[in-house]
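# Report on the structure
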Amino acid sequence: VTMLGTLRSRLSRRDDLSTRLAALETAVDAARGRLDPALIRDADETLTRAHGRIRLSPEHTIVALAGATGSGKSSLFNRLCGLELAAVGVRRPTTSWTLACSWGPGAGDVLDWLGVPARHQVDRASALDVVAPEPDLQGLVLLDLPDHDSTEVSHHLEVERLVRLADVLVWVLDPQKYADAAVHERFLRPLASHRDVMIAVFNHIDELGSIAAAEAVADARRLLAADGLGALRLIATSATRGDGVSELRSELAKRVEQKRSSHVRVSADIDNVARRLMSATGSGEPTALSGKQRAELVDACAGAAGVPVVVAAVEEALRMRASQATGWPPTRWLSRLRPDPLRRLHLRPGMTLGTGSDVPVARSSLPSPTPVQRARVGTAVRRTADVVGASLPPAWETSLRAASVARLAGVTDALDKAVATVQLADERAPRWWSWVRALQWLLLLGAVLGACWLAALAGISYLGLPPPGDPTWLSLPVPTWLLLGGLLLGFALAATSRAVGRASARRRARRADVRLRSSVADVVDELVLGPIQVEIDAYLTCRRGLAQALKR
Amino acid sequence: VTEIGPPTGLLTVLVRLRQCLLDSPFRLDAPDAADGDRERSSILAQLDDYVIPRMVQVEAPLLAVVGGSTGAGKSTLVNSLLGRVVSRMGVLRPTTRSAVLVHNPADAQWFGADRLLPDLERTTRPTGDPGSLLLLPVETMPAGLALLDAPDVDSVEERNRVLAGQLLAAADLWLFVTSAARYADQVPWDYLKAAASRSTAVAVVLDRTEPAAIEQVSSHLEQMMQARGLGDSRLFTVAESPLSGDGLLPPEAVRPIRKWLDSLSEDVAARTAVIRQTLEGAIASLPARTALVASALTTQEQISVALRVDVVDAYREALDGVADATQDGTMLRGEVLARWQEFVGTSDLFKGLETRVGRLRDRLVSAARGTPPPAQTLTVAVESGLQTLIVEYAETAAEQAARGWRSLPAGARLLETSGSGLGRASRGLTAEVERTIRDWQGSVLDMVRSEGADKRTTARFLAYGVNGLGVALMMVIFASTAGVTGAEIGVAGGTAVVAQKLLEAVFGDQAVRRLAMEARADLNARVESLWAEEQARFFAVLEGQQTPPGTGERLRGLGEELSAARFTWEPV
């Protein structure tokens, strides 16, 4: 039952770690190209390493002995292995390559991943003729690193590489070098977040008297505390005399047995990177754009797209058409002499230069936006970005601003197309036009009939013929009624329908305005607010990912 | 005692070099700035602490600085050499925190605060303060020689490392102490390589070595010294041996070193040779190091020029942009055009010009509607158009300048430290632009007024008034290149033609051309002065950070002068 429980908790730990890793990956992807490239590069490396490590068996615990040249890493290594594997000597630097010793089988993959060549690997069981099982260390992969402070720069690089990969780091200090800047400033201080996977060893205490040794160890502890590693386990050892080695061994055995070290190490790496990203990302909230601010933006773009010009032309054209259709027939032709304002813009009321989305849209002949209008669009876009990004941290605000104006150059074209594809007004003539037209012709016919009748009457009286019976109505002769009535009613009808036509033109123009503006708003959404939204989404994704990556 | 005379010519050059370096700190981020600055401080420190004092007092005792790694046993060595405890020893690192200078009582006069290492405070009691120098007269110290126990070069205490570097740079002779565990460390070798490259006199002491390992380690160390240019330097070995009750090594362990020091004390010629080697080496290294600083300073100059150019270019472009937009006729559309047509009349554009009926009617209409007269609405339209235009160009220019700055690390740093305001137009710009445009319009009206002083009575002048003619002049300006580009020839050209005709009818064509030119130049000048204020924000940030032009060149000249002076200098 306990074994099952352990297994289950181990599996859930693994799941938890994968989730956090995935969250960090999402955050890093969202921050890519937006935050400091060096930081992103670090994060990428950490991710690669973490993925590599969790793919490998958690049954193995990689322990690295690191320290200055002459600090006794190799002697400790030999002590722990119970073998004379590592060369020990007075010539510095002694160890030039990493040596690995593994307890128990199956460490090949881990060693490959670590990049330790086969000739520097030792399987402890096969190297010892006598079988000394050491069951409590099964799964340990012990590394003896080169030094980090000698004149051999290649050693430093190897140490830096493996310090990033090992599950547990054992820092070997010694009386001469425990206060060196080389170890404190380059390794211990930056690794303060990894205190759970580090152990410090104060080696060579045999060289000091017991009082001096206690003093020196206390001083080393003080320096570690100054590095932010106050809680670090510090074991005083002597590789030559054997003091403290069993203590170190049992500390390692404890970690090997728990099989938690790889998990804790990766977790510390994730924390470290996530914290750094977090401090660059901050916790500001993007501000939502108010309706008024959006309307201002759309308004500026509409102005630049010539919407007011088009709407005015639409109204004028519709008014002209109405008066052409419903005006007094004899004078109707006069208004045809005036140019159609829409045609001047190469637009038709039934409009759309391209009728469907598959037809390439030609440019309309709208006047291209003036610098003033373009300036208004630019200003409005910038103001929008300012409002939205006001409380974001600097790096994100910069990327948001850049994104907001990134597609500004294409806005003019897109606006022109947007305006050109809108149906400005209904092509069909309103029904009342034909009724009025018929009525106009009828009235004109009546007037002409009355005129002819009167002319005939005049001719008859001129010729002295007896006047025919003159029908009268309301004491006036009917032909006079016809003529005057036809003319007066015709004028009145023309005037009325002109007024009605004007009102209807205004109404329809307003509708066209609404349609045009919504089309402009689409462009604004796509080319200005869209990119801004992408940035905000990235920001929120990054923050969410980091929060998740930091959650234990 | 002296064989080296005071080399006045060389000294003058050195003093001038020092002043020039003092005057040119590094402030801008550049790839070579860190190196340049380090070299600059190191030259300055060496001139102040060593070269200049040493040249002034060539007869002062030889100063041997005992330097090296923490835990290598420097203090134990010094104490053992003198046979008494003068410097603190112990297992806690770093042991030595302040410098201790041991000299023969007879040499006390040479180590006052006006001599070597002037910025270290002299004390007679141990303080532990890195800013102090403990002066200890000790009888057992050979005369003509002083030993300075320096802090370590590699401990976690940064102040220790800095002080150690400073002390080593002030030494006539390095007694560089290392140990079996230390002799291949990188940090001390960095110092030794620097010493080798400056021909500083060095003796290496291999301390704290197991007797069994001495042979192997010392031969390896000797190889390393050969390989790194220290083949001529002496190597002493001190075996790890049991310490006496007060922590001293047995006298025989340090006897070779003591003997060597005694011989230096007795042999003036040998001592002078050591001093000369180090001093000449230090001076000989100066031209090359100065050249390095000079080239880094030239980079600084180039960067400040580049940053300045970024700003100037951005605003020049913006100025051109405004100038173009205000004369290619594009201003004469939309609002301005509508107001202009309203102003000139309705359909018959020439009506207003020929009769006063149109004017009268317009006045009546505006009186009845309660709207301001057309000339005024046109002025307002021009104002708002121009304002939007200028503010936008200011924004673009600021953005472009900031982008330019951001592309250089130095500029990016400046932007960061100066706050975020630089990438945008300044806060009060909109109001400033408004005022500027009003002033300009006012001055256009003044121009028209003074031009029309003698034409006040003509009917046309009266018909349009100063305001009317003023806006007509603005229209002419706004379309002055419209005909050239052809793009706006229709509407804008027409508008401008009407305005031109109107003005010519009043003033004559010669005067109109002149007025237009003056008014446009006036507008450009005003925008330019707006830009000057905008640019000044960038320049103000740059001001304290730039290296004056020619500094690098001057320094390089001094370096050359130094090389020449060095070769002409011969000891007397």
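Everything numeric in this text was worked out from a predicted model, so none of it was measured.

Conventions and cut-offs
The numbers attached to residues start from 1 for each chain and follow its sequence in the written order. Chain letters start at A and ligand numbers start at 1, both assigned in the order the entries are written. Local features in this predicted model are restricted to residues of pLDDT 70 or higher, and side-chain atom pairs are both shown and tallied only at a pLDDT of 80 or more, whereas totals for entire chains, interfaces and linings draw on every residue. Note: side-chain values were computed over all heavy atoms of the structure, leaving out hydrogens and water. Secondary structure elements are taken from DSSP: a helix is a run of H or I of four residues or more, a strand is a run of E of two residues or more, and numbering for both begins at the N terminus. Three labels apply to residues, based on accessible area from a 1.4 Å probe with only protein chains included: buried if under 20% of the type maximum, exposed if over 50%, partly exposed otherwise in between. We call two residues in contact when some of their heavy atoms are within 4.5 Å. Accessibility throughout is a Shrake-Rupley quantity obtained with a 1.4 Å probe, and a residue counts as covered only by protein chains that appear here. Between the two quantities, the radius of gyration covers C-alpha atoms and the globule rule is 2.2 Å times the number of residues to the power 0.38. For any pair of parts, buried area is found by adding up, for both, the accessible area (1.4 Å probe) each one loses once the two are put together. Salt bridges are defined as contacts in which a side-chain nitrogen from Lys or Arg sits within 4 Å of a carboxyl oxygen from Asp or Glu. Two N or O atoms count as a polar contact when they lie within 3.5 Å, although within protein this holds only if one can serve as hydrogen donor and the other as acceptor, and sequence-adjacent residues are included solely when both atoms are side-chain atoms. Note on residue classes: Ala, Val, Leu, Ile, Met, Phe, Trp, Tyr, Cys and Pro are nonpolar, Asp, Glu, Lys and Arg are charged, and everything else, Gly too, is polar. A strand pair is defined by DSSP finding two or more bridges across the two strands. Only the stretch in contact is used when fitting a helix axis, every axis being a line fitted to C-alpha atoms; angles between N-to-C directions are given from 0 to 180 degrees. In this scheme Phe, Tyr and Trp rings, the latter by its six-membered ring, pair at centre separations within 6.5 Å, and the angle between planes marks the pair as stacked below 30 degrees, edge-to-face above 60, and tilted otherwise. The pLDDT value expresses, per residue, how confident the predictor is, ranging between 0 and 100. Residues enter patches when they are more than 30% accessible in relative terms and free of salt bridges; like-charged ones are connected within 9 Å and nonpolar ones (Val, Leu, Ile, Met, Phe, Trp, Tyr) within 5 Å.

## Some points on the overall build of chain B
Each helix and strand in chain B was counted, giving 19 helices and eight strands. By residue count, 55% of the 572 residues in chain B fall in the buried class. Sequence-distant contacts, at least 24 apart, represent 80% of the contacts inside chain B between residues at least 6 apart. Summed over its atoms, the accessible surface of chain B is roughly 23,900 Å², and 54% of this surface lies on carbon and sulfur atoms.

## Remarks on the overall build of chain A
Looking only at helices and strands, chain A features 19 helices and nine strands. Radius of gyration (C-alpha) of chain A: 45 Å, far over the 24 Å computed for a compact globule of 552 residues. Projecting the C-alpha coordinates of chain A onto the three principal axes gives extents of approximately 160 × 50 × 35 Å. A buried classification covers 50% of the 552 residues belonging to chain A. In chain A, the share of contacts with a sequence separation of at least 24, taken over all contacts with a separation of at least 6, comes to 79%.

## What about the interface of chain A and chain B?
Contact residues are listed per partner, giving 41 residues for chain A and 41 residues for chain B. Roughly 3,400 Å² is buried in total at the junction of chain A and chain B, and carbon and sulfur atoms are behind 53% of that figure. Counting the surface chain A buries against chain B, the share from its top three residues, Thr151, Gln176 and Arg382 of chain A, is 20%. The interface formed by chain A and chain B includes six salt bridges. There are 17 residue pairs in polar contact (both at pLDDT 80 or more) connecting chain A and chain B. Listing elements by their share of the side of chain A that touches chain B, those giving two or more residues are helix H6 (153-165), helix H7 (181-188), helix H8 (210-226), helix H15 (371-389) and helix H16 (394-406) of chain A. Among the elements that make up the side of chain A that touches chain B, the one with the highest residue count is H15 of chain A (eight residues). Its residues assigned to classes, the side of chain A that touches chain B comprises 16 nonpolar, eleven polar and 14 charged.

## Description of the sheet that holds strand E6 (residues 173-179) of chain B
Residues and elements named next belong to chain B. Strands sit in the order E3-E4-E2-E5-E1-E6-E7-E8 across an open sheet of eight strands; the sheet is mixed. At either margin of the open sheet sits one strand with a lone partner, and together these are strand E3 (121-123) and strand E8 (234-239). Taking the axes of each pair of neighbouring strands and ignoring which way they run, one obtains an average angle of 25 degrees across the sheet. Bridge count between E6 and strand E7 (residues 201-209): seven bridges; the pairing is parallel. Considered in E7, the bridge of Leu175 is made with Ala203. Taken strand by strand, helix H3 (residues 74-82) contacts strand E1 (62-68), strand E2 (99-103), strand E5 (145-149), E6, E7 and E8, and its axis lies near 150 degrees from that of E5. Contacting E1, E2, E5 and E6, helix H4 (residues 158-169) crosses the sheet at an angle of about 145 degrees to E1.

## Digging into the pattern of salt bridges
Taken as a whole, this structure holds 61 salt bridges over all chains when the rule is applied. With a shortest N-O distance of 3.2 Å, Arg249 of chain A and Asp136 of chain A are connected by a salt bridge. Of the two residues, Arg249 of chain A is situated in helix H9 (residues 245-258) and Asp136 of chain A in the loop between helix H5 (124-127) and strand E4 (140-144); the sequence distance between them amounts to 113 residues. Exposure remark for Asp136 of chain A: the relative accessible area of 32% places this residue in the partly exposed category. Asp29 of chain B is the partner of Arg413 of chain B in a salt bridge, and the nearest nitrogen-oxygen pair spans 3.1 Å. Residue Arg413 of chain B is located in helix H13 (residues 409-417), and its partner Asp29 of chain B is located in the loop between helix H1 (8-22) and helix H2 (33-56); the two are separated by 384 residues in the primary sequence. The partly exposed category is assigned to Asp29 of chain B, whose relative accessible area is 27%.

## Notes on the packing of aromatic side chains
Throughout the structure, instances matching the rule amount to twelve aromatic pairs over all chains. For the ring pair Trp396 of chain A and Tyr539 of chain A, a centre distance of 5.2 Å and an interplane angle of 70 degrees mean the geometry is edge-to-face. With a gap of 143 residues between them, Trp396 of chain A in helix H16 and Tyr539 of chain A in helix H19 (residues 478-550) connect regions that are remote in the sequence. Of the two residues, Trp396 of chain A and Tyr539 of chain A, both sit in the buried class. Relative to Phe176 of chain B, the ring of Trp174 of chain B has its centre 5.9 Å away and its plane inclined at 25 degrees; by these criteria the two rings are stacked. Among the residues examined, Trp174 of chain B registers a relative accessible area of 6% and is labelled buried. Taking the relative accessible area as the measure of exposure, Phe176 of chain B reaches 1% and is therefore buried.

## A short note on the confidence of the model for chain A
If pLDDT is low for a region, its predicted coordinates should not be looked at in detail. Predicted confidence across chain A gives a mean pLDDT of 85, with 92% of residues reaching 70 or more. This model gives residues 351-363 of chain A a pLDDT under 50, and the stretch forms 20 contacts once residues within four places in sequence are excluded.

## Details of the environment of Arg520 of chain B
You can see Arg520 of chain B is positioned in helix H18 (residues 509-543). With residues up to four places along the chain from it excluded, the contact list for Arg520 of chain B reads Gln327, Ile477 and Ser480 of chain B.

## Things to note about the sheet that holds E4 of chain A
Residue and element names in this part refer to chain A. Strand order in the open sheet made by the seven strands is E3-E2-E4-E1-E5-E6-E7, with mixed pairing throughout. Each edge of the sheet is formed by a strand with only one pairing partner; in this case those strands are strand E3 (121-123) and strand E7 (233-236). Across the sheet, the mean angle separating the axes of adjacent strands is 20 degrees when strand polarity is ignored. Sheet topology note: the strand E2 (residues 99-102)/E3 ladder contains three bridges and is parallel. The partner of Ser102 across the bridge, within E3, is Asp123. Across the face of the sheet, helix H3 (residues 73-81) comes into contact with strand E1 (61-67), E2, E4, strand E5 (168-173) and strand E6 (198-202) while running at roughly 155 degrees to E4.

## What to know about the side chain of Asp219 of chain A
Here Asp219 of chain A is to be found in helix H8. Asp219 of chain A has contacts with Tyr178 of chain A together with Leu92 and Arg93 of chain B, leaving out every residue within four places of it along the chain.

## Points about a nonpolar patch on the surface
A cluster of nonpolar side chains, Trp473, Leu474, Leu476 and Trp481 of chain A, forms an exposed patch at the surface whose accessible area comes to about 440 Å². Residue placement: Leu474 of chain A occurs in the loop between strand E8 (472-473) and strand E9 (476-477).

## Concerning the environment of Gln19 of chain B
Residues and elements named next belong to chain B. If you trace the backbone, Gln19 turns up in helix H1. Overall, the relative accessible area of 39% leaves Gln19 in the partly exposed class. As for Gln19 and Ile303, which are separated by 284 residues in sequence, their C-alpha atoms are 23 Å apart.

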